[in-house]
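# Architecture and fold: a report
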Amino acid sequence: MTVRLDQIRQVLDEVLTWRFAADSIVSHWFRAHPKLGIRDRAEVAEVVYDVLRHLRRYRQLGESGVGNAVRRLAIQGAIATMGADKVRPVLDVGELAWLDRIAQIDEQSLSLQVRTSLPDWLFDRIKDMPELESLTAALNTAAPLDIRVNPMKADRDEMLADLIKGNGVRHAPVATPYSPWGIRLKGRPAMNKWHQFEHGLIEVQDEGSQLLALLVGPKRGEMVIDFCAGAGGKTLLLGALMRSTGRLYAFDVSATRLAKAKPRFARSGLSNIVPVAIEHENDTRVRRLAGKAHRVLVDAPCSGVGTLRRNPDLKWRQSVQSLQELTALQARILASASRCVAPGGRLVYATCSVLKEENQDQAELFLANHPEFELVDAAPILAARTTLQIEGPYLSLRPDVHGTDGFFAAIFERKKSLVMEKVKSEPELESDSESEILSEPEGLLEPEVKPKAKPRAKPKAKVKVTEKPQSEDASDPQI
C-alpha cells in the first residue's frame with residue numbers, strides 16, 4: 001500500500017497540471033511502467049478518477065493536514081475506493097490524526113459546490129436544474145460500460161446469450177432499456193481482446209449516443225453526413241442502418257482521429273463510409289455538397305459535462321472562456337452543416353452536455369437565423385422504436401434519470417419551399433459530380449493538391465487518397 005499510494009501521487013502530480021486529458025496521462029504513465037499488472041493498473045486508475053470526481057471536497061478537507069498536499073488527495077481517494085482498513089496501517093501519526101479530525105466534519109455543513117465538487121463556473125450553470133443533487137451525484141459516480149452490437153453482423157439477443165455463457169459472464173451483461181442494440185456491462189473488461197470485438201460484432205458506445213442514430217433515421221441508398229465524426233462510433237451505427245448502401249461521409253477536422261477510426265471501419269464490414277479530413281467547417285468540399293445530403297448529423301464539440309462519469313477531469317479543464325469559445329464554434333458548425341441538407345432533408349444537432357447554452361439556446365438561435373428550417377419533435381420518433389418517453393421536442397438525457405451519459409439532441413427539417421432559394425444563394429463552385437469532388441468511397445481524403453495533368457477547359461478538383469479505412473471509450477485506461 002505504501003508503494004501504491006506513491007504511484008497514485010505520481011500520476012496525480014501529472015494529471016493536476018491539466019496540460020493533457022487525464023486518460024492520456026494515465027495511459028502514458030502505464031506505458032512507462034510496463035511491469036504493473038492488470039490489478040495494479042486498475043487500482044491506480046480507480047483512485048485517480050475518484051480524486052478527480054471529488055477534487056474540490058478532498059482539497060478542502062486536506063487543508064487541515066500536513067505534508068504533501070497531493071499525497072493527502074491520494075489517501076482520501078484510496079480510502080474511498082479500497083477502504084480505510086487497507087490504507088490506515090501505512091500512514092504516519094500526523095496523517096492518522098488528520099483523518100480523525102476530518103472524520104468529525106459533517107459534510108452537510110460544506111457548501112453545495114464543495115460537497116458536490118463542482119467548479120464555480122459549472123455550478124452557476126446547473127444550480128437551478130431540477131433534482132440538482134441527484135444529477136451531481138450521478139455525474140460523480142463511475143459509469144458502467146455500454147456496448148452495442150453491429151446490426152450488420154449480430155443480433156442483440158444472440159450476443160447476450162453468447163456473452164452470458166462466455167467471456168462476458170463476470171460482467172453481468174444485460175440489455176440496455178432504450179437502445180435496441182445496446183448491452184450494459186459491469187466493471188471494466190479488457191474488451192479489445194474479446195473475439196466478438198476483434199471481428200466487429202460489438203463496439204463500445206454509450207446508450208445515449210446510440211439513440212442519436214434513431215433520430216437521424218438514415219435509409220438505404222441515401223447520402224448521409226456525420227459532420228463531426230471523431231473516432232467514428234456514431235458513423236458505424238449509421239452505416240449499419242443504411243445496410244452499407246448509399247454514401248456516408250465522415251467529416252472531421254482531425255485527420256488523426258479519422259485515421260484511428262480506420263480499424264473500426266475495417267472490422268465493421270461496411271463499404272459505404274467515406275472519411276474526409278476537412279480543414280474547417282467551411283472547407284470547400286463541404287460547400288460543394290450544398291443541398292445534396294438527405295441526413296446530416298452534427299455531434300458538435302462541447303464541454304462534455306454530460307460525460308463527467310467517464311471524464312471527470314473535464315469540469316476542471318474547462319472555464320467560462322472555453323465555454324464561450326465552444327458555443328461560438330457550435331453555432332458556426334451547425335450553420336455550415338445545414339447548407340448540405342437537401343430539400344425535405346433532416347439535420348440533427350447533438351451534444352454530450354446538459355448545459356442550456358450549448359443545447360436549447362443553440363437550437364433556438366439556429367431556428368431564428370435559418371427560417372428555411374423547422375423543428376421536428378423527437379418524442380414520437382423515439383417512441384416508435386424504443387420505450388423511452390420524453391416530453392419533446394428535444395431529446396434531453398440525464399445519468400440520474402435515464403442511466404446514460406448526459407445527451408441533448410434537436411431535429412430540424414429543411415422546408416422544401418424555401419430550400420432552392422437558399423441553395424442558389426451559395427457561391428458557385430465548379431464541379432462535375434459529387435463523386436469527382438470527394439473521390440472514391442474507400443479513402444481518407446486529405447487537403448486538395450494541384451493537378452499535374454494537362455489543364456482542361458474546366459479543371460476538376462483532385463485529392464490525394466490514402467488506403468481505406470477504436471471505440472469512443474476504448475482509450476479509457478480503465479477499460
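Residues numbered from 1 in each chain as written. Predicted model: local features only at pLDDT ≥ 70, side-chain atom pairs only at ≥ 80, totals over all residues. Heavy atoms only, no water.

All chains considered together, the criterion is met by 27 salt bridges. A salt bridge links Glu43 to Arg4; the shortest N-O distance between them is 2.8 Å. With Glu43 in helix H3 (residues 38–53) and Arg4 in helix H1 (residues 2–15), this residue pair connects regions lying 39 residues apart in the sequence. The same class applies to Glu43 as to Arg4, namely buried. The partner of Asp313 in a salt bridge is Arg317, and the shortest N-O contact between them spans 3.7 Å. Its relative accessible area of 32% is what places Arg317 among the partly exposed residues. (Salt bridge = Lys/Arg side-chain N within 4 Å of Asp/Glu carboxyl O. Helix = DSSP H or I, 4+ residues; strand = E, 2+ residues; numbered from the N terminus. Buried < 20%, exposed > 50% of the residue type's maximum accessible area, 1.4 Å probe, protein only.)

Time to look at the sheet that holds strand E2 (residues 174–175). One open sheet holds the four strands; their spatial order is E2-E3-E1-E4, and the pairing between them is antiparallel. One side of each edge strand has no neighbouring strand; the edge strands of this open sheet are E2 and strand E4 (202–204). In this sheet, strand E3 (residues 182–185) lies alongside strand E1 (residues 145–149) in antiparallel orientation, the contact comprising four bridges. Across the sheet, Ile147 pairs through a bridge with Ile183, a residue of E3. Along the sheet, helix H11 (residues 156–165) makes contact with E1, E2, E3 and E4, crossing E3 at roughly 25°. (Pairing = 2+ DSSP bridges. Contact = heavy atoms within 4.5 Å. Axes fitted to C-alpha atoms, helices over the stretch in contact; angles between N-to-C directions.)

What follows is about the packing of helix H13 (residues 207–216) against helix H14 (residues 233–241). The contact between H13 and H14 brings their axes to 9 Å, and the two run at 45°. Considering their axes alone, H13 and H14 lie oblique with respect to each other. As for how H13 packs across H14, the hand of that crossing is right-handed. Every residue of H14 that contacts H13 at Ser209, Gln210, Leu212, Ala213 and Val216 is listed here: Lys234, Leu237, Leu238 and Leu241. Per-class residue counts for the contact of H13 with H14 are six nonpolar, two polar and one charged. (Parallel < 35°, antiparallel > 145°, perpendicular 65-115°, else oblique. Left-handed = near helix turned anticlockwise from the far one by under 90°. Nonpolar A, V, L, I, M, F, W, Y, C, P; charged D, E, K, R; others polar.)

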